[in-house]
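A closer look at the structure
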Amino acid sequence: MSKIPAYAAAAAKAPLAPYSVDRREPGEHDVLIDILFCGVCHSDVHQVRDEWGGSLFPMVPGHEIIGRVKQVGAHVKKFKPGDMAGVGCMVDSCRECAPCKDDLEQFCQKGAAFTYNGTEMDRKTPTFGGYSTQVVVDERFTLKVPENLDPAGAAPLLCAGITTYSPLRQWNCKKGDRVGVVGLGGLGHMAVKLASSMGAEVTMLSTSRAKEADARRLGASNFALTSDEATFQRLAGTFDLIINTISAPHDYNKYLGMLKPMGTMVVVGVPPEATPVHAFSLIGGNKRLAGSLIGGIAQTQEMLDYCGAHGIVSEVEIIPIQKINEAYERMVKADVRYRFVIDIASLKS
Ligand code: NAP
Ligand code: ZN
Ligand code: ZN
């Protein structure tokens, strides 16, 4: 065991503050990573503020982790010291149940070990995330990060990237598809980049007029303001697929109206409160309302390799850890362009 510096929330809604956590000595299959950057996901804010219920404290958030391998266990095959490595939302799962065997570890029947706000598979040892200087993870849950990608820009791929890549693949996003992306934040900007790289014609659906130029630069062909009710009439029946990243309560029915017949809206944003969906919103047009949770480890590697091949990274605003509480406030106000990433060197100074 060694103690390392971290930032933690001591209780629900408490500001993040300096803290220290124990990291286990690397076992035979473990990789010890010196963390370089950690992305800030809106899920960090929801969980620190206990907006979904059941949060565990003290909490060290952070599941968009990029670093360099410092040490590997005797049986590690995939990594050697110096490699660029990533850790996303999971650090372990049972590896034996049907979803685990199907590369869907996020749906492990025993409950995956999430990177923070959870426990290891022993169900006792708390997990602590990437707002810290080092992490020790089994190589099976450690990702290889293409060396051509900028490490700070690659960090958000570990959650925002896979969470948008996975539903685009599941719903077969392809050349010529009309895809609507709702909400231009961390997930939304990755959805725009990825869907447009797959050949889709992307429309950005945003509440922020000021983000139009950025949306187009990121790859959107069209931009529509969702704070204008006329948008919903004008775009009725338009999209094959909508990726909905909104983090706050809103009316799904209005967005379902913009799908073509047989179209699908995938919800990836997790507003704290439930919202009613009317049967007519789905029946009129045989529409589907679907969900998607991150992606399995194999698909996360596929996404990283895809981003390496296409030179895709996140647009980031790098912050020192000391600015993390301010960054949370800005995120809640939808004032992020388009992902805060913590420079972990600031935690060592
Ligand atoms: P983010 O960077 O804060 O972006 C969310 C965007 O949603 C905002 O930039 C804003 O875009 C829009 N928005 C915010 N409040 C809104 C409101 N009241 N009405 C309409 N639009 C609003 O957040 P993120 O990190 O991308 O995460 C988005 C959501 O996905 C969060 O709920 C997060 O917990 C969840 N998430 C889910 C998964 C999963 O596996 N399913 C993984 C990661 C995160 P505009 O300014 O363009 O309107
Ligand atoms: Zn996340
Ligand atoms: Zn399992």
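Residues numbered from 1 in each chain as written. Chains lettered and ligands numbered in written order. Predicted model: local features only at pLDDT ≥ 70, side-chain atom pairs only at ≥ 80, totals over all residues. Heavy atoms only, no water.

1. What to know about the coordination of the zinc ion (ligand 2)
Our working rule: A donor here means an N, O or S atom no more than 2.8 Å from the metal, or no more than 3.2 Å when the metal is Na, K or Ca. Since water is not included, a site may seem to lack partners. Runs of E in the DSSP output that reach at least two residues are strands. Runs of H or I that reach at least four are helices, and both are numbered from the N terminus. Only protein chains enter the accessibility calculation, which uses a 1.4 Å probe; a residue whose area is less than 20% of its type maximum is buried, one above 50% is exposed, and one in between is partly exposed.
On the protein side, the zinc ion (ligand 2) has Cys41 (SG), His63 (NE2) and Cys159 (SG) as donor atoms, found 2.0 to 2.3 Å from it. Written as a sequence motif, the donor residues of the zinc ion (ligand 2) are C-x21-H-x95-C. With a gap of 22 residues between them, Cys41 in the loop between β3 (30–39) and α1 (42–48) and His63 in the loop between α1 and β4 (65–72) connect regions that are remote in the sequence. Taken as a pair, Cys41 and His63 share a single burial class, namely buried.

2. Quick notes on the coordination of the zinc ion (ligand 3)
Our working rule: A four-donor site is classed as tetrahedral when every donor-metal-donor angle falls between 85 and 135 degrees; four donors are called square planar, and six octahedral, when trans pairs exceed 155 degrees and all remaining angles lie between 65 and 115, with any other arrangement labelled irregular.
Looking at the metal site, the zinc ion (ligand 3) is ligated by Cys94 (SG), Cys97 (SG), Cys100 (SG) and Cys108 (SG), spaced 2.3 to 2.4 Å from it. The site at the zinc ion (ligand 3) holds four donor atoms, and with the angles between them running 103 to 120°, its shape is tetrahedral. Of note, the donors binding the zinc ion (ligand 3) are all from one chain and are spaced C-x2-C-x2-C-x7-C. Taken individually, Cys97 and Cys100 each receive the classification buried, so the pair is uniform in this respect.

3. Looking at the layout of surface pockets
Threshold: Cavities and pockets are found on a 1 Å grid laid over the protein atoms alone: a cavity is a set of points where a 1.4 Å probe fits but cannot escape, a pocket is an open set with protein on both sides within 12 Å along at least five of seven lines, and a lining residue has an atom within 4 Å of such a point. Grid points are joined across faces, edges and corners, and a volume is the space filled by probe spheres set on the points. As a working rule, the residues Ala, Val, Leu, Ile, Met, Phe, Trp, Tyr, Cys and Pro are called nonpolar, Asp, Glu, Lys and Arg charged, and the rest polar, with Gly in that last group.
In this structure, the second largest pocket spans a volume of roughly 260 Å³. Every residue lining the second largest pocket is counted, 13 residues in all, and those nearest its centre are Asp22, Arg24, Glu120, Thr125 and Pro126. Elements with a contribution of two residues or more to the lining of the second largest pocket: β2 (16–23), β9 (126–127) and β10 (134–138). Here the lining of the second largest pocket is built from residues that sort into six nonpolar, three polar and four charged.

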